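Reading the structure
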Amino acid sequence: MAFNLASSSYSYSYSSSSHRLVSSSGSHRHRVCLSGHRHHHRRRSCCRLWRVFSVHHMDPSNGDVTREFRMRNASNHPAVGFGTYKCGYLPPSSAQAQTEGDANPAGAGPSASTIVASALDVGYRFLDCAQFYNNEADVGIGIQNSGVPRSELFLASKCWTTAIAEGPSAVRSALCDTLDALKTDYVDLYCIHWPVPHGRHVVAYKELLKMRNEGLIRSVGVSNYTLEDYDELVTNDVAEDDLPLVNQIEVNPLLYRKKTIEEFQRRGVLIQSYRSLRDGKAFEIPTIVDVANKHGRTAAQVMGRWLVQKNIVYIPKSVRRDRMEENIDVFDDFELDDEDVTKLDHLTTDDALETFAQLYRKCVVRDTQWDGTTDGVRTTFTIH
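Residues numbered from 1 in each chain as written. Predicted model: local features only at pLDDT ≥ 70, side-chain atom pairs only at ≥ 80, totals over all residues. Heavy atoms only, no water.

1. Some words on the pairing of strand 13 (residues 270–274)
- Most of strand 13 sits inside the fold, with four of its five residues counted as buried.
- Here strand 12 (residues 246–250) runs beside strand 13; their pairing, made up of five bridges, is parallel. Residue pairing in the sheet places Val-246 in a bridge with Leu-270 of strand 13.
- With respect to chirality, the unit in which strand 12 leads through helix 8 (residues 258–266) into the neighbouring parallel strand 13 is right-handed.
- By the bridge criterion, three bridges tie strand 13 to strand 14 (residues 312–314) in an arrangement that is parallel. Residue pairing in the sheet places Gln-272 in a bridge with Val-313 of strand 14. (Buried < 20%, exposed > 50% of the residue type's maximum accessible area, 1.4 Å probe, protein only. Helix = DSSP H or I, 4+ residues; strand = E, 2+ residues; numbered from the N terminus. Pairing = 2+ DSSP bridges. Right-handed = clockwise from strand over helix to strand, strands pointing away.)

2. Re the pattern of salt bridges
- Following the criterion strictly, the structure yields 25 salt bridges and no others.
- For the salt bridge of Lys-294 with Asp-340, the shortest nitrogen-to-oxygen distance reads 2.9 Å. On the criterion of sequence distance, the pair formed by Lys-294 in helix 9 (residues 286–295) and Asp-340 in helix 12 (residues 338–345) is long-range, its members being 46 residues apart.
- A relative accessible area of 44% means that Lys-294 is categorised as partly exposed.
- Overall, the relative accessible area of 1% leaves Asp-340 in the buried class.
- The network of salt bridges with common partners includes Arg-172, Glu-207, Lys-210 and Glu-214. (Salt bridge = Lys/Arg side-chain N within 4 Å of Asp/Glu carboxyl O.)

Quick look at the structure:
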């Protein structure tokens, strides 16, 4: 298989003869962000050589399950990542913080730096970060303490709604803060976290494209986009080659929006899954337990394998090392058959889809001047 979770390296110069990325040391120069931060970055060798590549489709019946996916810009994306949400910090506007009344519970568990260093030691190389998680500085310390070279990592982050609503300068400042926190001069992937209405997400997305052209971002994506949000980029003059490479949405057997996922994949957009394991709340569901017992695997491994067999990036998270090891073990000597997949595909209920729709309407304006209103929020969009 192409990707060794313990020792993969990523290089990004483009070889037109082979249509593959090859290593290049490159030269170094400075970039100054609007926030005043100064960053070094490697010279880009292919900023205008994007080629349209479809997401690599796997055939599980032939045992063809890869440990990385190829994006349209010819760069590779790990099939499994480690989620850093709520690692060492609970964001104030998260549902859990609002319920428990504590945005940052002291002594509630290990720090993000400890958790991330452990995950990297287990073998994870893709770290899913975000401005909203408010722990990127600790994540950066964890990376530093791990001793894993930057060249072996795939670092992704997302710009939060506050910056998106505020405008391009705030978006740029958010990325600069992320680069400083993660102690890197570029991110492999940077995404719009939610499609803030009133055209704000479109303006923010175009700023991400500018920063990609400056070498601060390798690949540009989005998160929580419906098909209608994606189409809004198209109708606002985002060129075909500049459209999102990735869309991160919630995907698991209890929220499987088949029509949306398959249409994004048809358009060449790689789907990342958050809440891949449903926060552990699906581990006792009889259907999942039955499939796990059939294969001598755990519920978590069944849910992870279900995702990668559908060409969806699987992003589990845990603060426990034993769970980290369990969650990542979804490749060797393990394959779901058609009957298994069909059973898991049919666990999504109408109530789950309606809950998703309500959350979408709330979160696209969360922490913005329109928070708590429906001003500009889509009334109809593709749910399934």
